[in-house]
Amino acid sequence: MEPDSVVAARTLTPVTGPDVAVPDSGRLIHLQFRRFAGCPVCNLHLRSIVRRHQEIEAAGVREVVVFHSPAEELREHTDELPFAVVADPGKRLYREFGVEQAPRALLSPRAWGPIARALLTGVWAVIRGREKLPAPSQPGGRLGLPADFLIGGDGRVIAAKHGAHAYDQWSVDELLALAARAPRPDPAP
């Protein structure tokens, strides 16, 4: 999926909460692909999304986050998140959207700083009982690359980013700038 691709209408079932229609005729969807439940690097990024979630929603954007972990495992790590989290252990959505995995996810020098920061903050959060360690075995692998898609109400991909390493995704500021430039649905008559 690249800009101007059209996402087929579907309903995604989050691990908790109501189903999510993609696309959503009333607002933009930020569909982001993460690695695995409890991934320290993913958690570091998701904390930035949580801190500014109200601002993201006020910009007309709905967050939907996809992990390749099973739903049972995801619930242990994501039940406090204020947005939809979808389990895709078979990586069907990952294949459809062209989201890859590669050793460069962790080997890229550009990822080392965020990985170190994620590990330090993650270990501290585990010690304090605020987060849980990921499962020791990850059937979908640990070398996933992130990806972000901004999807308009008509299903058209407005913007896309396929990460080059484990911490290569849109910042909240980048997401908000993209949303501000995105076409809006026509108001109902």
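Per an unreviewed UniProt entry, the chain goes by Alkyl hydroperoxide reductase and derives from Streptomyces antimycoticus.

**Points about unusual backbone geometry**
A cis amide bond links valine 22 to the next residue, proline 23, at an omega of 0°. Backbone geometry at aspartate 4 places phi at a positive 80°, although glycine is not the residue there. The exposure class of aspartate 4 is exposed, given its relative accessible area of 57%. Unusually for a residue other than glycine, lysine 91 sits at a positive phi of about 60°.

**Comments concerning the sheet that holds strand β6 (residues 147-151)**
Overall, mixed pairing links the five strands, which are arranged β5-β4-β3-β6-β7 in an open sheet. A strand with exactly one partner marks an edge of an open sheet, and here the two such strands are β5 (84-87) and β7 (157-162). With direction set aside, neighbouring strand axes in the sheet form an average angle of 15°. Bridge count for β6 against β7 is five bridges, and the pairing is antiparallel. The residue of β7 that forms the bridge with phenylalanine 149 is alanine 160.

**Looking at the nonpolar core**
The biggest cluster of nonpolar side chains holds 34 residues, and the ones touching the most others in it are Ile56, Phe67 and Leu150. Only α1 (40-51), β4 (61-67), α3 (71-78), α6 (109-127) and α7 (172-181) provide two or more residues apiece to this core. Excluding residues that lie within four positions of it along the chain, isoleucine 56 makes contacts with Ile49, Val61, Glu63, Val172, Leu175 and Leu176. Core analysis: the next-biggest nonpolar cluster, separate from the first, contains 19 residues, Ile29, Val64, Val86 and Tyr94 among them.

**Observations concerning α3**
Every buried residue of α3 is accounted for by Ala71, Glu73, Leu74, His77 and Thr78. Take α3 and look down its axis: the buried residues cluster within an arc of 155°, on one side only.

**Quick look at the environment of phenylalanine 97**
Examined against the element boundaries, phenylalanine 97 turns out to sit in helix α4 (residues 92-97). A relative accessible area of 1% places phenylalanine 97 in the buried class. Each C-alpha atom of the pair phenylalanine 97 and alanine 177 lies 22 Å from the other, and the pair is 80 residues apart in sequence. Apart from the residues within four sequence positions on either side, phenylalanine 97 is in contact with Met1, Val7, Leu31, Phe33, Phe149, Ile151 and His162.

**Observations concerning the environment of aspartate 79**
Among the structural elements, aspartate 79 can be located in the loop between α3 and β5. Remark: the alpha-carbon pair of aspartate 79 and valine 15, spanning 64 residues in sequence, is separated by 8.1 Å.

**Focus on the pairing of strand β3 (residues 28-33)**
Burial within β3 is extensive, with six of its six residues counted as buried. Alternating positions in β3 separate into two faces, Leu28, His30 and Gln32 on one and Ile29, Leu31 and Phe33 on the other, with burial throughout. In this structure, β3 lies alongside β4, joined through six bridges in parallel fashion. Each residue of the ladder has a partner; that of glutamine 32, found in β4, is valine 65. One ladder, built from five bridges, connects β3 with β6; its direction is antiparallel. Bridged to glutamine 32 within β6 is aspartate 148.

Parameters at a glance
Residues numbered from 1 in each chain as written. Predicted model: local features only at pLDDT ≥ 70, side-chain atom pairs only at ≥ 80, totals over all residues. Heavy atoms only, no water. Buried < 20%, exposed > 50% of the residue type's maximum accessible area, 1.4 Å probe, protein only. Pairing = 2+ DSSP bridges. Helix = DSSP H or I, 4+ residues; strand = E, 2+ residues; numbered from the N terminus. Axes fitted to C-alpha atoms, helices over the stretch in contact; angles between N-to-C directions. Core = buried A, V, L, I, M, F, W, Y, C linked by side-chain atoms within 4.5 Å. Contact = heavy atoms within 4.5 Å. Arc of directions from axis to C-beta.

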